[in-house]
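Spelled out from the first residue to the last, the chains are:
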Amino acid sequence: MNYIKLTFLSACLITLVNCKETKKNADKAADTMETEMENMAEPEEMQEDKTLALSVTSKSDSNVKGEVTFKEENGEVMMKAEFSGLTEGDHAIHLHETADCSAHDGKSAGGHWNPTDKPHGKWGDEAGYHKGDIGNFVADADGNATVEFATEEWCIECDDDSKNIVGRAVIVHKGKDDFTSQPSGAAGARVACTPITK
Ligand SMILES: [Cu+2]
Ligand SMILES: [Zn+2]
């Protein structure tokens with residue numbers, strides 16, 4: 001008796017699974033495009049250690065908030081930053097030499113990151129520039145700004161100290177970089193900071 005019951009139950013179960021399988025196959029066909037796209041995304045996901053997502057801390061009594069992401073791909077590092085709480089107008093953004101944002105005024109991050117011992121300047125200038133001299137950006141009337149920057153002169157955790165941005169800090173200034181004043185462009189107080197760490 002028990003054996004018969006069990007057999008019947010098994011038959012039901014198999015039917016159920018079969019039904020499920022058929023439905024699964026139909027779904028699979030419909031989702032072919034999606035599956036293909038997922039497969040294509042896989043190699044990129046394997047490089048996840050080459051992406052840094054950082055949140056800035058407000059400094060010097062500012063209300064600045066924001067996120068900065070760095071992503072290395074094919075020998076290029078792309079930075080994307082989004083800030084809020086800024087004063088309207090121009091602001092300088094640099095990489096400073098030390099991943100330490102502990103000081104109230106952000107001075108613990110040190111001077112501009114300058115591994116190649118060049119004068120301060122505008123990025124790409126023949127007269128020289130620091131590897132941290134990203135430049136200026138504009139905040140809108142609401143105090144929001146998006147900054148995008150990409151360069152092959154940086155890397156994320158490579159062996160070349162003149163390129164590795166890990167261990168540095170991102171600093172946003174109250175004012176504008178004049179690209180000439182030494183050693184840091186006279187951009188004023190440091191209003192946001194984040195250490196670049198893994
Ligand atoms: Cu700076
Ligand atoms: Zn500089």
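Residues numbered from 1 in each chain as written. Chains lettered and ligands numbered in written order. Predicted model: local features only at pLDDT ≥ 70, side-chain atom pairs only at ≥ 80, totals over all residues. Heavy atoms only, no water.

> Would you take a moment to explain the pattern of salt bridges for this structure?
A side chain with one charge may pair with a side chain of the opposite charge, provided their charged atoms come close. Across all of its chains, the model carries 5 salt bridges by this definition. The closest approach of N and O atoms between Lys176 and Asp90, which form a salt bridge, is 3.7 Å. Of the two residues, Lys176 is situated in the loop between β8 (169–173) and β9 (190–195) and Asp90 in strand β5 (residues 89–96); the sequence distance between them amounts to 86 residues. (Salt bridge = Lys/Arg side-chain N within 4 Å of Asp/Glu carboxyl O. Helix = DSSP H or I, 4+ residues; strand = E, 2+ residues; numbered from the N terminus.)

> Before we go on, may I ask you to explain the coordination of the zinc ion (ligand 2) in this structure?
Geometry sets the ideal angles at a metal, namely 109.5 degrees for four tetrahedral donors and 90 or 180 degrees for six octahedral donors. Those donors, His112 (ND1), His120 (ND1), His130 (ND1) and Asp133 (OD), are the protein atoms that reach the zinc ion (ligand 2), and they lie 1.9 to 2.1 Å from it. Coordination geometry of the zinc ion (ligand 2): the 4 donor atoms subtend angles of 99 to 119° at the metal centre, consistent with an arrangement described as tetrahedral. Mapped onto the sequence, the donors of the zinc ion (ligand 2) take the spacing H-x7-H-x9-H-x2-D. The residues His130 and Asp133 share a single accessibility class, namely buried. (Donors = N, O, S within 2.8 Å, 3.2 Å for Na, K, Ca; no water. Tetrahedral: all angles 85-135°; square planar, octahedral: opposite > 155°, others 65-115°. Buried < 20%, exposed > 50% of the residue type's maximum accessible area, 1.4 Å probe, protein only.)

> I would appreciate a short explanation of the pairing of strand β3 (residues 65–73) in the present structure.
Residues Gly66, Val68, Phe70 and Glu72 of β3 are buried on one face, while the alternating residues Lys65, Glu67, Thr69, Lys71 and Glu73, pointing to the opposite face, are not. As paired elements, strand β1 (residues 51–55) and β3 share 5 bridges and run antiparallel to each other. Across the sheet, Leu54 pairs through a bridge with Val68, a residue of β3. Between the antiparallel neighbours β3 and strand β4 (residues 76–84) lie 2 residues, among them Asn74 with a positive phi of about 50°. (Pairing = 2+ DSSP bridges.)

> Whenever I open this one, the state of the cysteines confuses me. Can you help?
A covalent bond between the sulfur atoms of two cysteines is referred to as a disulfide. For the structure shown, the criterion picks out 2 disulfides. Bridging Cys155 to Cys158, the disulfide has an S-S length of 1.9 Å. Note on the Cys155 and Cys158 pair: the S-S dihedral is about -75°, so by sign convention the disulfide is left-handed. In the protein, the bonded cysteines, numbered by position in the sequence, are linked as 1-4, 2-3. (Disulfide = S-S within 2.5 Å.)

> What is the right way to read the confidence of the model for the protein from this model?
Do not read the predicted coordinates in detail wherever pLDDT is low. When pLDDT is averaged along the protein, the result is 86, and 75% of the positions lie at 70 or above. Here residues 6–19 is a poorly scored stretch, pLDDT under 50, and it has 0 contacts once near neighbours within four places are set aside; other chains count. (pLDDT = per-residue confidence, 0-100. Contact = heavy atoms within 4.5 Å.)

> Quick question: what am I supposed to make of the sheet that holds strand β2 (residues 57–58) here?
In a beta sheet, neighbouring strands pair by backbone hydrogen bonds and run either parallel or antiparallel. The strand order β2-β9-β8-β5-β6 describes an open sheet built from 5 strands, whose pairing is antiparallel. Whereas interior strands pair on both sides, the edge strands pair on one side only; in this sheet they are β2 and β6 (135–139). Strand direction decides the pairing type here: β2 and β9, joined by 2 bridges, are antiparallel. By the bridge assignment, Thr57 is partnered in β9 with Cys193.

> Sorry, what's going on with the sheet that holds β4 here?
With respect to topology, 4 strands assemble into an open sheet ordered β1-β3-β4-β7, the strand pairing being antiparallel. With one partner strand each, in any of the chains shown, β1 and β7 (145–151) form the two edges of the open sheet. Shown here is a sheet whose adjacent strand axes are inclined to one another by a mean of 10°, direction ignored. (Axes fitted to C-alpha atoms, helices over the stretch in contact; angles between N-to-C directions.)

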